[in-house]
Protein chains: 2
Amino acid sequence: MARLNIENINQHIVEAKYAVRGELAVKSEEYRAKLKKGEGKDLPFSEVISANIGNPQQLDQKPITFFRQVLSLLENPKLLAHEDVLVKSLDYKVDVLERARWLLSNVGSVGAYSASAGVPAIKGSVAKFLERRDGFKADPAHIYLSAGASSGVNTLLHILCAAPNSGILVPIPQYPLYTASLAVLNATCVPYYLDEAANWGTSLATIKEAYESAKSAGTDVRAIVIINPGNPTGASLSAADIKSVLDFAAQEKLVVMADEVYQTNVFVGEFTSFRQVLLEQQKEKPGKYDSVELASLHSISKGMVGECGHRGGYFDLIGFKPEVEEQIYKFVSITLCAPVIGQCLVEMMVNPPKKGDPSFPLYEQEFSGIFEGLKKRASALYDAFKKMDGVECGEPQGSMYLFPTIHVPAKAAEAAQKEGRSPDEFYCMRLLEATGVCVVPGSGFGQKEGSLHFRTTFLAPGTEWVGSITKFHQEFMDNYR
Amino acid sequence: MARLNIENINQHIVEAKYAVRGELAVKSEEYRAKLKKGEGKDLPFSEVISANIGNPQQLDQKPITFFRQVLSLLENPKLLAHEDVLVKSLDYKVDVLERARWLLSNVGSVGAYSASAGVPAIKGSVAKFLERRDGFKADPAHIYLSAGASSGVNTLLHILCAAPNSGILVPIPQYPLYTASLAVLNATCVPYYLDEAANWGTSLATIKEAYESAKSAGTDVRAIVIINPGNPTGASLSAADIKSVLDFAAQEKLVVMADEVYQTNVFVGEFTSFRQVLLEQQKEKPGKYDSVELASLHSISKGMVGECGHRGGYFDLIGFKPEVEEQIYKFVSITLCAPVIGQCLVEMMVNPPKKGDPSFPLYEQEFSGIFEGLKKRASALYDAFKKMDGVECGEPQGSMYLFPTIHVPAKAAEAAQKEGRSPDEFYCMRLLEATGVCVVPGSGFGQKEGSLHFRTTFLAPGTEWVGSITKFHQEFMDNYR
């Protein structure tokens, strides 16, 4: 055959779009490298702000001390022979040592492969967490530790997508992992729009409409993805909304994929899990929900943990047939196992120091410090957006993002077209060039025809960068008015 | 649709086979759990020996001290404020601290996502390693850090497989990652047999034959996989053999995937990289090899590093068009990045302490201790196989495995058939039940019609388990004679 080229390689990869790390991200990294080398004198900014990725520790978020102390002992268990030094000179509390010993007794070496679906004792801790959170017993046999939630999503979509007409209902706007993975798998994305006017809530009528129209177009709709709290929107669903999604899934025999990685990033309302509502309903109305298949995903990358680089997460299955779980097991075994250090972080996320434990006071202080810090930054950014001409933004509800609407002048849309860009891409590119602030155009997540947005994290410290967005925006508007 | 079942899920996953962690492995884990709970009184063994997976640290191999000391500091950088305590009370040398500081200055937090293709400075270290190893400059821009070599293989096969008739030449016997991934991708595996009589060497005539016959059957053969040193065979290819594969690839415009994860596990002969031979040839005969596309893979899971659980590795590309590399970049960016701690281990693997560094003496002692230990164990196992009636085994050459041929009596083959198993599966199942030793049947890797093998690692300590295999084998043969 000919050398590999854009036309003869796997076209499903060529078709996949993943804006979060696309052209803008690449350009921002080039700026960063230039500045690092001291070559950025000609740039109108002195720092690149990566507001495009929910990557807390790249910016200002510090890791939780308890977690990292335990990890240091897991990496170098020889330190455990120096208990005295650790406690007296290095400020390690005894519960840090205990946790490390317990994990090592179950993991062996963190340098060894674990069982394919994860270390059994860690799956046990996840089960206990689910019991505490939801009030219903959980079975570790149906818990799978994964390399972040992304890898869990990849596994589940691989199992679900059997043919090009296999369809998955995906919220729009959405985290582009879903559309990108479906493109790679050559399956059908069935978009349903979230309701911006209702704080990006889920409308069952819209879901039904999307479902019916896909069905009549010949799509075999197999599952519905719910991102709760939402990414990029931050919205948390009420128990009633969750129930209505489950009712619909039960009626149409759809698998429910509940992406709940932002479950602790909630400022407005509270997080209710799909698992809890499903198990409550199963108890209340025996029989009606027996056939519902629910996969819930969680991650160490978000929340106050923010340990993205360690690639840890899990998914929990309810209602899947054993013959299907066998295939899931086989699929995950081909990639051997999730990173073991990431698995250990999952254990600590679901089983953090408790009141009365020596490490608890610092843990609590760090945890709530991060939470309050995020809330404050979200508000500051929101306040800035409110003041901007041509920008509309809902109140921050959770997750790590704001997703404002922008209205750009017609001239800007024309200029964008000349560059072969959508107007939101054009806006974000100019923003990056002028300020060093990297955000993601709304088209990367999907948006209603005719509406324009961008997604920004509120993770970056300080207010200077917010000011630079305000200033840029004013100039942009004046320029193209 | 109906609930998910074995018939309506993705059939390509159902078709994939992955024996390394299949039925035998699952059963062995059940035994292990039983023994751990103290419930194994009825079992004829007191310990499960996992000789099915190349998982050094699950067994006896200790991690390299330098690596783990650095990792402990990366996980808890606050320790670096206590240089005195580290050096005087905890035996950390100054080069450990220096390395940790250097890595942190380039990585930031190990809890942050890195750039999609890996931390630039770590790719720089890999490039320097390739230069030292092969004598030719390397460009970090074409190096991609991955979650073990498996994830690199997954990426490359995703790009290569464009249609069901996209074919990849795969050695048989092989590590089943290749056949399993090709099954999942719905592409065509084009097997070529290695020559057991010539110490499992690569025969170009056999490769050509496989290629031509696939081509005439309508397969669009796109790449050739070479596992060098071999898994499960341990064989190292000579520079001449490598050259002949490259010649063939150049002539037929095949991408070469060189899986070189066992490059330091070599007892007989020496490792020569595909990269070195290709660059030598390009220099010697300008033009002739310009179109060759080579992807070389390496991993922290094998060798004297043995850090499987940390999921680290890289692949390096030569001759790929920029438009293709762009798609590779996009594909890896969808899974965000390889585990950052694993990336740091890659850095230390390719840039270990050097002569004169304070950590060098211990590093060298540990490294050669592991190497010699593996060699001794391989010999002991080989000696045992030589003495067994009905077993033939080549001299250990490298990697972590022996792959003996077994000749079982006709009655055993009949008994196997009654159980619906192949004779080698039957043999391995009986071995597990009788001794607690878990090996993988040759059919899991592929073997010539009519021949039977099993693969065993030589990682387990002691000689007791070897004795138990010998005893079992004798009884098995007597039983079915």
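Residues numbered from 1 in each chain as written. Chains lettered and ligands numbered in written order. Predicted model: local features only at pLDDT ≥ 70, side-chain atom pairs only at ≥ 80, totals over all residues. Heavy atoms only, no water.

Caption draft 1: Focus on the relation of the copies chain B and chain A. Of the two same-sequence chains, chain B is brought onto chain A (RMSD 0.0 Å, axial shift 0.0 Å) by a rotation of 180 degrees. The superposition of one copy onto the other is thereby described by a two-fold rotation axis. Considering only C-alpha atoms, the part of chain B nearest the rotation axis is serine 72 of chain B, at 2.0 Å. Taken together, the interface assignments show that 100% of the residues at the interface of chain B recur at the interface of chain A, consistent with an identical surface on both copies. (Least-squares fit on C-alpha atoms with pLDDT ≥ 70 in both. Contact = heavy atoms within 4.5 Å.)

Caption draft 2: Quick peek at the environment of proline 164 of chain B. Residues and elements named next belong to chain B. With respect to the secondary-structure elements, proline 164 resides in the loop between helix H7 (148–160) and strand S3 (166–172). A C-alpha to C-alpha distance of 8.7 Å links proline 164 and threonine 219, two positions 55 residues apart in sequence. Discounting chain neighbours no more than four positions away, the residues touching proline 164 are Asn186, Ala187 and Thr188. (Helix = DSSP H or I, 4+ residues; strand = E, 2+ residues; numbered from the N terminus.)

Caption draft 3: Structural context of the sheet that holds strand S4 (residues 188–193) of chain A. Residue and element names in this part refer to chain A. The mixed open sheet is built from 7 strands, whose spatial order is S2-S8-S7-S6-S5-S3-S4. The two strands at the open ends of the sheet, each matched to only one other strand, are strand S2 (143–146) and S4. Neighbour-to-neighbour, the strand axes of the sheet open up by a mean angle of 20 degrees, direction not taken into account. Two strands pair when backbone bridges link them, and strand S7 (residues 294–299) and strand S8 (residues 313–318) are joined in this way by 6 bridges, in the antiparallel orientation. Bridge assignment links serine 299 to a residue of S8, and that residue is glycine 313. Its contacts with the sheet place helix H6 (residues 120–134) against S2, S7 and S8, and it is angled at close to 115 degrees to S2. (Pairing = 2+ DSSP bridges. Axes fitted to C-alpha atoms, helices over the stretch in contact; angles between N-to-C directions.)

Caption draft 4: Structural context of the interface of chain B and chain A. Tallying the contact residues gives 93 residues for chain B and 94 residues for chain A. In total, about 7600 Å² of surface goes out of reach between chain B and chain A, with carbon and sulfur atoms giving 57% of it. Along the contact surface separating chain B from chain A lie 2 salt bridges. Where arginine 68 of chain B meets glutamate 75 of chain A, a salt bridge forms, and the shortest distance between an N and an O atom there is 3.8 Å. (Buried area = accessible area lost by both parts, 1.4 Å probe. Salt bridge = Lys/Arg side-chain N within 4 Å of Asp/Glu carboxyl O.)

Caption draft 5: Structural detail: the side chain of arginine 68 of chain B. For arginine 68 of chain B, the position within the fold is in helix H3 (residues 65–75). Its relative accessible area of 3% is what places arginine 68 of chain B among the buried residues. Within the structure, the side chain of arginine 68 of chain B is placed 2.9 Å from the side chain of glutamine 57 of chain B, a separation counted as a polar contact. In this structure arginine 68 of chain B touches Leu74, Glu75, Asn76, Pro77, Ser109, Val110 and Gly111 of chain A together with Gln57, Pro63, Glu307 and His310 of chain B, once residues within four positions along its chain are discounted. (Buried < 20%, exposed > 50% of the residue type's maximum accessible area, 1.4 Å probe, protein only. Polar contact = N/O pair within 3.5 Å; in protein donor to acceptor, adjacent residues only side chain to side chain.)

Caption draft 6: Quick peek at the UniProt feature "domain: Aminotransferase class I/classII large" (unreviewed entry) in chain A. Sequence positions flagged by UniProt for "domain: Aminotransferase class I/classII large" (unreviewed entry) are, in local numbering, residues 107–463 of chain A. The annotated region residues 107–463 of chain A carries 42% helix and 16% strand content, and the separation between its end C-alpha atoms amounts to 44 Å. (UniProt positions renumbered as here; feature names shortened; annotations may be inferred.)

Caption draft 7: Highlighting empty space enclosed by the protein. Taken as a whole and assessed by the stated rule, the structure comprises 10 cavities of 30 Å³ or more. By volume, the largest cavity amounts to about 950 Å³. In terms of lining residues, the largest cavity is bounded by 45 residues, among which Ser151, Asn154 and Thr335 of chain A together with Asn154 and Thr335 of chain B are the most central. Only S2, helix H7 (148–160), helix H8 (177–184) and helix H12 (322–334) of chain A together with strand S2 (143–146), H7, helix H8 (177–184) and helix H12 (322–334) of chain B provide two or more residues apiece to the lining of the largest cavity. Grouping the constituent residues of the lining of the largest cavity by class yields 25 nonpolar, 18 polar and 2 charged. (1 Å grid on protein atoms, 1.4 Å probe; cavity = no way out; pocket = protein on both sides within 12 Å on 5 of 7 lines; lining within 4 Å. Points joined across faces, edges and corners; volume = space filled by probe spheres on them. Nonpolar A, V, L, I, M, F, W, Y, C, P; charged D, E, K, R; others polar.)

Caption draft 8: Summary view of H6 of chain A. Residues and elements named next belong to chain A. With 15 residues, H6 should cover 21 Å at 1.5 Å per step; its first-to-last C-alpha distance of 21 Å lies within 8% of that length. Residues of H6 that are buried include every one of Ala121, Ile122, Lys123, Gly124, Ser125, Val126, Ala127, Phe129, Leu130 and Asp134, and no others. For H6, the secondary structure elements touched by its buried residues are helix H5 (94–107), S2, helix H11 (274–284), S7, S8 and helix H13 (340–350). Glycine 135, located one to two residues past H6, shows a positive phi value of around 80 degrees. (Expected span 1.5 Å × (residues − 1).)

Caption draft 9: Representation of the nonpolar core in the model. Core analysis: the largest hydrophobic core is formed by 275 residues, its most contacted members being Leu74 of chain A together with Leu74 of chain B. When near neighbours in sequence (up to four residues on either side) are disregarded, leucine 74 of chain A contacts Ala100, Leu103, Leu104, Val110, Ile341 and Cys344 of chain A together with Arg68 of chain B. (Core = buried A, V, L, I, M, F, W, Y, C linked by side-chain atoms within 4.5 Å.)

Caption draft 10: Here's a closer look at the pairing of strand S5 (residues 220–227) of chain B. Residues and elements named next belong to chain B. Of all the 8 residues making up S5, 7 are buried; the element is thus mostly covered by neighbouring parts of the structure. Direction of pairing for S3 relative to S5: parallel, over a ladder of 4 bridges. Opposite glycine 167, over in S5, you have valine 221 as the bridge partner. In the sheet, S5 pairs with strand S6 (residues 255–259) via 5 bridges, with the strands oriented parallel. If you follow isoleucine 227 over to S6, its bridge partner there is aspartate 259. In this region the chain leaves S5, passes through helix H10 (residues 239–252) and returns to the parallel neighbour S6; the handedness of that crossover is right-handed. (Right-handed = clockwise from strand over helix to strand, strands pointing away.)

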